[in-house]
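Summary of the model geometry
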Amino acid sequence: MDRFDALQAFARVVESGSFTKAAHTLGMSRTTVTQLVQQLEARLRVKLLHRTTRSVQLTADGAAYYQRVVRLLADLEEADASLSSAMAAPRGRLRVDVPSPLASLVLIPALPAFHAKYPDIQLHLGVSDRVVDMVSDKVDCVVRGGTITNPSLIARHVGDLVLRVYAAPSYLQRCGAPQHPTELEGPHHHTVGFVWARTGKPLPFAMRRGHEQVQAQGRYVCAVDDGNAYLAAGLAGLGVLWLPDYMARAHVEAGALKPLFTDWQMEAMPMSVAYPPHRHVSAKLRVFIDWIVGLMVQHAPMQRAADAAPAVYKPKQP
């Protein structure tokens, strides 16, 4: 038994919750991964995993052992990196998943400068608003708006999106301009629904003016789960929508969108870079995160004091 392969197989099974997924991400057969874990258990004379036809769960001994294995694997990777040129010249493939508007309007236009500085980093950019399985999809990190609710991820707060409410001139000509957010709940107006990937439901508008607070869902004739499609629906006059400044600015300047409720405020949406806690922050991932932080200073500067150091975000209680 190769002890390193066995430790890596055990850790990957725990992280993916499946021998099949672990085998896929390691480039091994399921039989090989199973044998490695069995040999590890035999060597330790301890049962590490409870196996059923539907799930794989850690035993109490397995949970304690997993924590030490994760630290050991991270230390080994760190040792390898310290003896290579990777720290001086980050290189290799980096898989990142980002929301589609952020990719098309902010990240991709800035990529030539990133590539010029780090020519040996090969960036694989997944563009989506979906919930990503970072282990089975082999994703190094994700960039997401909103509070990170997955307690198993490390999230670094990198910026805040200032949000405002807009409508296309064609919509305002047809339906008139609402004067108060509660009018969005009435029969004369429509919103564009954005289906939040974490809940599968459209998000409501939450606004405040002084001590007055309003949360309006509105009636929608179209709901989408992609940011670019959401913007396109608003530009087509399908309803009122809320957008971050970086998405709306050019369209407001061109007269294609008109701001509404200008004396009301929406809470800024935090932007975070998230990655698994067991994932070693390699040189290539470190410089990418630093680059994202620099972009957010330009496009979504922080609106409130926050600790920029990584932190584990806990889910909100319902």
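Rules used throughout
- Residues numbered from 1 in each chain as written.
- Predicted model: local features only at pLDDT ≥ 70, side-chain atom pairs only at ≥ 80, totals over all residues.
- Heavy atoms only, no water.
- Helix = DSSP H or I, 4+ residues; strand = E, 2+ residues; numbered from the N terminus.
- Buried < 20%, exposed > 50% of the residue type's maximum accessible area, 1.4 Å probe, protein only.
- Pairing = 2+ DSSP bridges.
- Salt bridge = Lys/Arg side-chain N within 4 Å of Asp/Glu carboxyl O.
- Phe/Tyr/Trp six-rings, centres within 6.5 Å; stacked < 30°, edge-to-face > 60°.

This next bit is on unusual backbone geometry. Residues apart from glycine generally show negative phi values, whereas peptide bonds are mostly found in trans. Of note in this structure, R45 is not a glycine but carries a positive phi near 60°. Along the polypeptide, R45 turns up in the loop between α3 (30–44) and β1 (49–51). What makes R45 exposed here is its relative accessible area of 78%. The backbone of F261 sits at a positive phi, close to 50°, despite the residue not being glycine.

This brings us to the sheet that holds strand β10 (residues 205–209). Judged by pairing direction, the sheet is antiparallel, and its three strands sit side by side in the order β11-β10-β15 without closing on themselves. Both edges of this open sheet fall to β11 (212–216) and β15 (265–266), since each of them pairs with a single strand only. Bridging between β10 and β15 involves two bridges; their strand directions are antiparallel. The residue bridging M207 from the neighbouring strand is M266, located in β15.

For the coordinates displayed, the defined rule picks out eight salt bridges. Residue R12 pairs with E15 through a salt bridge whose shortest N-O separation is 3.6 Å. Separated by three residues within a single helix, R12 and E15 lie in helix α1 (residues 3–16), roughly one turn from each other. The partly exposed category is assigned to R12, whose relative accessible area is 21%.

This next bit is on the pairing of strand β6 (residues 154–161). Where burial is concerned, most of β6 is hidden: seven out of the eight residues are buried. Here β6 pairs with strand β16 (residues 269–275) via seven bridges, running antiparallel. When the bridges of β16 are listed, H157 appears paired with S272.

Summed over the entire model, instances satisfying the criterion amount to seven aromatic pairs. Arranged with centres 5.2 Å apart and planes meeting at 55°, the rings of F114 and Y118 form a pair that is tilted. Each member of the pair F114 and Y118 is classed as buried. Ring geometry for F114 versus W291: centroids 4.8 Å apart, planes at 45°, classification tilted. Note that F114 is positioned in helix α5 (residues 100–117) and W291 in helix α9 (residues 283–299), a separation of 177 residues in sequence. Assigned by exposure class, F114 and W291 land together as buried. What links up through ring pairs into an aromatic cluster is the set F114, Y118, F288 and W291.

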